[in-house]
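Commentary on secondary and tertiary structure
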Amino acid sequence: MFQDFKLVGDRPVAIQVKEYVKRLIIKGALQADQKLPSTREMSSLLKLSRNSVIAAYEGLEDDGFAYAIPGKGSYVTAMEGHLAVDKGGADGSDSWQIDWKARMNEYAVSAAELDMMKQGIRAKKGTISFTSIAPDEQLFDLGDVRRAFMDRMAIEGQVLLNYGYAKGYKPLIDYLMRYMENKGVDVSGKDMLITSGFTEGFDIVLSALRPSTRRGAAICENPTHHTAIKNLKLHGFEITGIPMESDGIDVEQLEAVLHKQTNSFDLAYLTPSYHNPTGIVMSPAKRSAVMKLLMRFQIPVIEDGFNEELRYSGAHVAPLIATAGKGNGVIYIGSFSKVLFPGLRVGWVLGDSALIDNLESIKRARTIHTSTIDQSILYQYLLNGNFDKYVKKARMEYKRKYELTKASCEAHLPLAQLSGDGGLHLFLTFPSGVNTRELLEACTEHGVIFTPGDKFFIQEGTGTNTLRLGFSRVTDENIERGIQIIGKQARRFLET
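The following refers to the structure shown. (Residues numbered from 1 in each chain as written. Predicted model: local features only at pLDDT ≥ 70, side-chain atom pairs only at ≥ 80, totals over all residues. Heavy atoms only, no water.)

**Structural notes on the side chain of Asp191**
Within the element layout of this structure, Asp191 appears in strand E4 (residues 190-195). Polar contacts involving the side chain of Asp191 include one to the side chain of Lys167, which spans 2.7 Å. Once you skip the residues sitting within four places of it in the chain, Asp191 turns out to touch Lys167, Met177, Val349, Leu350, Gly351, Asp352, Ser353 and Ile356. (Helix = DSSP H or I, 4+ residues; strand = E, 2+ residues; numbered from the N terminus. Polar contact = N/O pair within 3.5 Å; in protein donor to acceptor, adjacent residues only side chain to side chain. Contact = heavy atoms within 4.5 Å.)

What follows is the structure, encoded as structure tokens:
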């Protein structure tokens with residue numbers, strides 16, 4: 001016994017010894033009331049300092065796994081909850097096996113089926129990957145983040161480590177309300193809920209708007225964000241997709257569908273700026289037309305503020321919630337995940353005060369609150385004036401990569417139609433003879449992967465000639481080399 005003990009990493013030695021002895025007790029290798037080796041003997045057996053063993057034994061006593069008899073030594077405490085298992089399951093517990101897959105409800109089964117990450121592309125080391133649209137961590141200004149953390153902890157560290165509020169960290173809410181005002185939003189009559197990123201905010205909003213007595217009905221751009229499709233389906237919404245044009249959603253098609261299916265839609269989900277996956281920015285004229293239509297038919301809008309800061313050219317375009325003025329028909333969901341640090345899981349929902357009041361209760365029932373530490377670090381980072389400086393740097397770098405990616409596509413994929421006015425990706429549409437799933441298989445063999453576009457379309461079997469190229473985390477050399485490989489493989493499909 002004790003021959004299999006091995007120190008791991010930089011964890012305190014005493015804790016490792018304590019946990020090792022705990023495992024022996026739980027497994028039954030050390031029996032109730034059995035005397036443990038003396039601290040001197042154990043230190044010799046494990047080749048460790050006696051002080052480490054003394055500290056470990058004290059820890060075992062504190063945790064209820066051992067007891068000491070003065071002048072005699074330390075002994076194993078009886079662990080009744082573990083003995084039945086160790087004696088071969090005298091109570092029959094060892095034969096208690098549940099078929100958990102059979103017990104999964106429709107929601108759980110659908111979540112697994114729609115989980116794109118589990119079905120994601122497996123690539124070898126060294127593969128050129130265009131699948132990510134996350135920010136490039138090499139741009140993260142760690143010094144400013146560290147300073148923000150230290151500043152906030154110095155001010156109210158003990159408070160931040162305790163429970164927070166479901167609605168969110170008030171200094172951050174106040175800051176973000178001013179941030180939205182600077183985008184032209186009239187915040188009178190509106191309030192804000194802090195969430196753990198866009199996805200949680202979207203999920204909470206759908207929970208509140210989902211009809212109780214029937215399936216919900218949603219209208220959105222087609223293609224659209226696959227996470228939105230997944231969550232709409234999980235909440236039981238039937239989705240009607242409206243085709244995209246070069247300057248945004250097809251307004252004529254939208255109007256035709258609304259006239260045909262009057263009073264049948266519970267919500268519209270729209271991404272007007274740097275749309276995922278097409279990268280298209282909806283024109284001001286279309287924003288106005290879309291808002292008038294949806295207002296006429298009384299359909300609330302969930303606006304996804306995706307990548308709004310990554311504008312590489314042209315004037316600022318106000319979000320839909322700004323065009324609504326004092327109206328309360330738009331719910332805006334925002335986050336800095338694509339431009340700042342997605343590891344800080346912070347997003348926000350801005351909407352009518354009555355709506356936010358209910359969303360706050362849903363949030364409290366589910367997760368109590370978003371990490372106050374995360375919220376406070378983001379707040380202090382913004383307060384210190386780092387955001388504008390970082391965005392300026394990031395925008396310059398991503399614009400350069402955007403232009404390089406676009407030029408490489410134009411050179412090596414001349415038959416593909418490009419879309420994307422900014423953000424961290426481009427969307428390509430090939431002639432109908434190219435199936436991008438098959439193209440992906442061919443490119444994978446040559447060390448390049450991308451995201452097939454069909455996953456972004458509402459109806460299965462559509463968009464099979466499209467793909468999304470994320471360039472934010474790809475080096476210049478690999479952007480050019482990877483697109484060259486995609487172009488070579490695509491030509492083979494077009495020649496057959």
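**So, the sheet that holds strand E15 (residues 451-452)**
Taken together, four strands build an open sheet; the order of strands is E12-E13-E16-E15 and the sheet is antiparallel. Because the sheet does not close on itself, it has two edges, and the strands there are strand E12 (417-419) and E15. Strands in contact with helix H16 (residues 386-412) are E12, strand E13 (425-429) and strand E16 (466-470); relative to E13, the strand with the most contacts, it is inclined by about 20°. (Pairing = 2+ DSSP bridges. Axes fitted to C-alpha atoms, helices over the stretch in contact; angles between N-to-C directions.)

**Things to note about the sheet that holds strand E11 (residues 347-352)**
Spatially, the eight strands line up as an open sheet ordered E4-E11-E10-E9-E8-E5-E6-E7, and their pairing is mixed. Pairing within the sheet leaves two strands with one partner each, and these edge strands are E4 and strand E7 (248-249). With two bridges connecting them, strand E6 (residues 238-245) and E7 associate as antiparallel partners. Its bridge partner lying in E7, Glu245 is registered against Gly248. Relative to the sheet, helix H9 (residues 197-209) contacts E4, strand E8 (267-270), strand E9 (301-304), strand E10 (330-335) and E11, its axis offset from that of E10 by approximately 155°.

**What about the state of the cysteines?**
All chains considered together, the criterion is met by zero disulfides. Cysteine Cys443 shares no disulfide, and the gap to the nearest cysteine sulfur, in Cys409, comes to 12 Å. (Disulfide = S-S within 2.5 Å.)

**As for helix H17 (residues 436-445)**
For H17, the complete set of buried residues consists of Thr436, Leu439, Leu440, Ala442 and Cys443. Seen along its axis, H17 keeps its buried residues to an arc of 165°; they face one direction. Turned more than 90 degrees away from the buried face of H17, the exposed residues are Glu441 and Glu445. Of the surrounding elements, those touching the buried residues of H17 are strand E14 (448-449), E15, E16 and helix H18 (476-495). At the N-terminal end of H17, a side-chain oxygen is found 2.9 Å from the backbone nitrogen of Arg437, two or three residues along, and the residue is Asn435. (Buried < 20%, exposed > 50% of the residue type's maximum accessible area, 1.4 Å probe, protein only. Arc of directions from axis to C-beta.)

**What to know about the nonpolar core**
With 90 residues, the main nonpolar core has Phe130, Phe336, Trp348 and Leu439 as its most contacted residues. Apart from residues lying up to four places away in sequence, Leu439 is in contact with Phe430, Val434, Phe450, Leu467, Ile486, Gln489, Ala490 and Phe493. In this structure, Ile204, Ile229, Phe237 and Ile239 belong to the second largest nonpolar core, which totals 23 residues. (Core = buried A, V, L, I, M, F, W, Y, C linked by side-chain atoms within 4.5 Å.)

**Overview of H9**
Within an α-helix, residues lying three or four positions from one another point in the same direction, as the helix has 3.6 residues per turn. Taking 1.5 Å of rise per residue, 13 residues should cover 18 Å, and H9 covers 19 Å from first to last C-alpha, within 8% of that figure. Of the positions making up H9, those classed as buried are Gly197, Phe198, Glu200, Gly201, Phe202, Asp203, Ile204, Val205, Leu206 and Ser207. (Expected span 1.5 Å × (residues − 1).)

**Quick word on the environment of Phe297**
For Phe297, the position within the fold is in the loop between helix H12 (284-296) and E9. Under the relative-accessibility criterion, Phe297 is labelled buried at 14%.

**Section: the pattern of salt bridges**
Two side chains bearing opposite charge may form a pair once their charged atoms approach each other closely. Tallied over the entire structure, the rule returns 22 salt bridges. As a salt-bridge pair, Glu255 and Arg296 come within 3.8 Å of each other at their nearest N and O atoms. Here the residue Glu255 occupies a position in helix H11 (residues 251-260), and Arg296 occupies one in helix H12, the gap between them amounting to 41 residues. One salt-bridge network, held together by shared partners, links Lys18, Lys22 and Asp63. (Salt bridge = Lys/Arg side-chain N within 4 Å of Asp/Glu carboxyl O.)

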